[in-house]
Amino acid sequence: MSSENLPQSPESTAGAVQSPASSGRSSERPRKPRVAVVFGGRSSEHGISVVTAGAVMSALDRTKYDVLPIGITRDGRWALTADDPVRMAITDRRVPDVDQLAEPAGGAVTLSVDPGNRDVVVGEPGAVPTVLGEVDVVFPVLHGPYGEDGTLQGLLELSGVPYVGAGVLASAIGQDKEYMKRVFTSFGLPVGPYEVVRPREWESDRPAARKRVMEFAAEHGWPLFVKPARGGSSMGITKVEDAAGLDEAIEEARRHDPKFLVESLLRGREIECGVLEFEDGPRASVPAEIPPVTSHDFYDFEAKYIDSAAGLVPAPLTEEQTAEVRRLAVDAFEAASCEGLVRADFFLAEDGTFVINEINTMPGFTPISMYPRMWQESGVSYPELVDRLIQAALNRSTGLR
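Residues numbered from 1 in each chain as written. Predicted model: local features only at pLDDT ≥ 70, side-chain atom pairs only at ≥ 80, totals over all residues. Heavy atoms only, no water.

Peer 1: Please clarify how the overall build of the chain should be interpreted in this entry.
Peer 2: Across its full length, the chain holds 12 helices and 16 strands. Summarising the internal contacts of the chain: among those between residues at least 6 apart in sequence, 67% fall at separations of at least 24. Surface summary for the chain: the accessible area is close to 17,700 Å², and the carbon and sulfur share equals 51%. (Helix = DSSP H or I, 4+ residues; strand = E, 2+ residues; numbered from the N terminus. Contact = heavy atoms within 4.5 Å. Areas by Shrake-Rupley, 256 points an atom, 1.4 Å probe, with all protein chains shown as cover.)

As structure tokens, this is what we get:
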């Protein structure tokens, strides 16, 4: 592995940033920054978010940080949960759920939208609210809509609470595959052929919308991929071999999102690359390759999270190919105005060119996930990676920047 331009261990993050609550008389011992790990949520990726949170909480240095686990249930209620990463893992091929972890009498958690007040409050009907104290930084590990798409980031901006990862705009771009591709195209990044069908088009004139999809298939050929426009973890995606399976695939995609995309099959190798923001700007990790999954039709949810399909890290690429995909990954990070971290996914086409498929502003983040594995190979361990992201958030202001 070439070490050129790769990061060293983040020694500069060794000292904790002083939080607002730690300022005061010099005789007072500064408290540790409090990290609220927020996970779960209303999207179909709820369970994977819980798994990610468990991994992050396991890696947090408890001598350096106080940890406050906050789960969001599938119906949107915020709740204090058990600080028990063991119960947050996939067990017997089943993903965990916030309701299983919520404190029985924990009440509902609220965060003030007053930028001068970072207190977390727990309240129950008919009871005096309990103030748990200030939160210094939020580590949002929600995947999908209502968390990864800029909605939670907007709340945290209103609250004046620093947070890990992309801001409102970049989160929204990273979640919506249509506008992600439009942004990439405007910056000259190569994207594959696609067609978008919006909710109003499908609901008002389904035959016309379906005809447009069939015309796309006639131009680009079968098979096609039908996928939700605003989703992740390969949920709701169907590989369609011919017209007979199209309607069922569209309904499956619309079960996750009323807006859907149709993409042509890009023949080639699947290559991923991680981007991490350092003091001098974003840098790319060594890339990884997702080999063909023989037990699945494509790299779907089951292959990613249940059967743990193994990626190759580093990817067996030439030096020139490695340099090119790393450059494109950083370019995609910058094009979408990202912060903190991104996993960029590419196809290496048969003609030797790279085509960007998508970015994930909060990628899968367990130790066996591709993003941490790529950085492990690049010289940043999983605990160091978590620490660096938190320290970067503590040093970054909210608001326009």
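Here the narrative resumes, following the displayed structure.
Peer 1: Sorry, what's going on with the packing of aromatic side chains here?
Peer 2: A full pass over the atoms with the stated rule returns 6 aromatic pairs. Ring geometry for Phe278 and Trp375: centres 6.0 Å apart, planes at 50°, overall tilted. With a gap of 97 residues between them, Phe278 in strand β12 (residues 268-278) and Trp375 in helix α11 (residues 370-377) connect regions that are remote in the sequence. Classification of Phe278 as buried rests on a relative accessible area of 6%. Seen in terms of ring centroids, Phe346 and Phe354 are 6.2 Å apart; in terms of plane orientation they differ by 80°. Their pairing is edge-to-face. (Phe/Tyr/Trp six-rings, centres within 6.5 Å; stacked < 30°, edge-to-face > 60°. Buried < 20%, exposed > 50% of the residue type's maximum accessible area, 1.4 Å probe, protein only.)

Peer 1: What is the right way to look at the nonpolar core in this model?
Peer 2: Grouped burial of nonpolar side chains is what soluble globular proteins tend to show. One finds Val37, Phe39, Phe139, Phe365, Val386 and Ile390 to be the most contacted residues of the largest nonpolar core, which totals 34 residues. Tallying contributions element by element places helix α12 (residues 382-394) first for this core, with 7 residues. Counting 29 residues, the second largest nonpolar core, distinct from the first, contains Ala170, Phe184, Phe333 and Val342. (Core = buried A, V, L, I, M, F, W, Y, C linked by side-chain atoms within 4.5 Å.)

Peer 1: Please explain the environment of Ala59 as it appears in this structure.
Peer 2: Structurally, the position occupied by Ala59 is in helix α1 (residues 46-59). A relative accessible area of 16% places Ala59 in the buried class. Measuring from C-alpha to C-alpha, the distance between Ala59 and Val386 comes to 7.1 Å, with 327 residues separating the pair along the chain. The contact partners of Ala59, leaving out residues within four places of it in the chain, are Tyr382, Pro383 and Val386.

Peer 1: What is the right way to read the sheet that holds strand β8 (residues 194-197) from this model?
Peer 2: Strand pairing in a sheet is mediated by backbone hydrogen bonds. Such pairs are either parallel or antiparallel. Read across the sheet, 4 strands follow the order β8-β11-β9-β10 without closing on themselves; strand pairing throughout is antiparallel. Of all strands in the sheet, those bounded by a partner on one side alone are β8 and β10 (238-240). Strand after strand, the sheet turns through a mean of 25° between neighbouring axes, direction not considered. Bridging between strand β9 (residues 224-228) and strand β11 (residues 260-264) involves 5 bridges; their strand directions are antiparallel. In the strand pairing of β11, Leu224 is matched with Ser264. Docked against the sheet, helix α7 (residues 206-220) engages β8, β9 and β11, running at close to 175° with respect to β8. Relative to β9, helix α8 (residues 246-256) is tilted by about 25°, and along the sheet it contacts β9, β10 and β11. (Pairing = 2+ DSSP bridges. Axes fitted to C-alpha atoms, helices over the stretch in contact; angles between N-to-C directions.)

Peer 1: Would you take a moment to explain helix α4 (residues 168-175) for this structure?
Peer 2: Every α-helical turn comprises 3.6 residues, leaving residues that sit three or four positions apart pointing alike. Ala170, Ser171, Ile173, Gly174 and Gln175 are the residues of α4 that are buried. Packed against the buried residues of α4 are α3 (151-159), α5 (177-186) and β16 (354-360).

Peer 1: For this particular structure, what's the right way to read the environment of Val141?
Peer 2: With respect to the secondary-structure elements, Val141 resides in the loop between β7 (137-140) and α3. Classification of Val141 by relative accessible area gives buried; the value is 0%. Setting aside residues no more than four positions away along its own chain, Val141 makes contact with Val37, Val38, Phe39, Ser49, Thr52, Ala53, Val56 and Met362.

Peer 1: What is the right way to look at α12 in this model?
Peer 2: Across its 13 residues, α12 extends 19 Å between first and last C-alpha, which sits within 8% of the 18 Å expected from 1.5 Å per residue. Most of α12 sits out of view: 10 of its 13 residues are buried. Those residues of α12 not exposed but buried are Tyr382, Leu385, Val386, Asp387, Arg388, Leu389, Ile390, Gln391, Ala393 and Leu394. Against β1 (34-40), α1, β7, β12, β15 (341-349) and α11 lie the buried residues of α12. (Expected span 1.5 Å × (residues − 1).)

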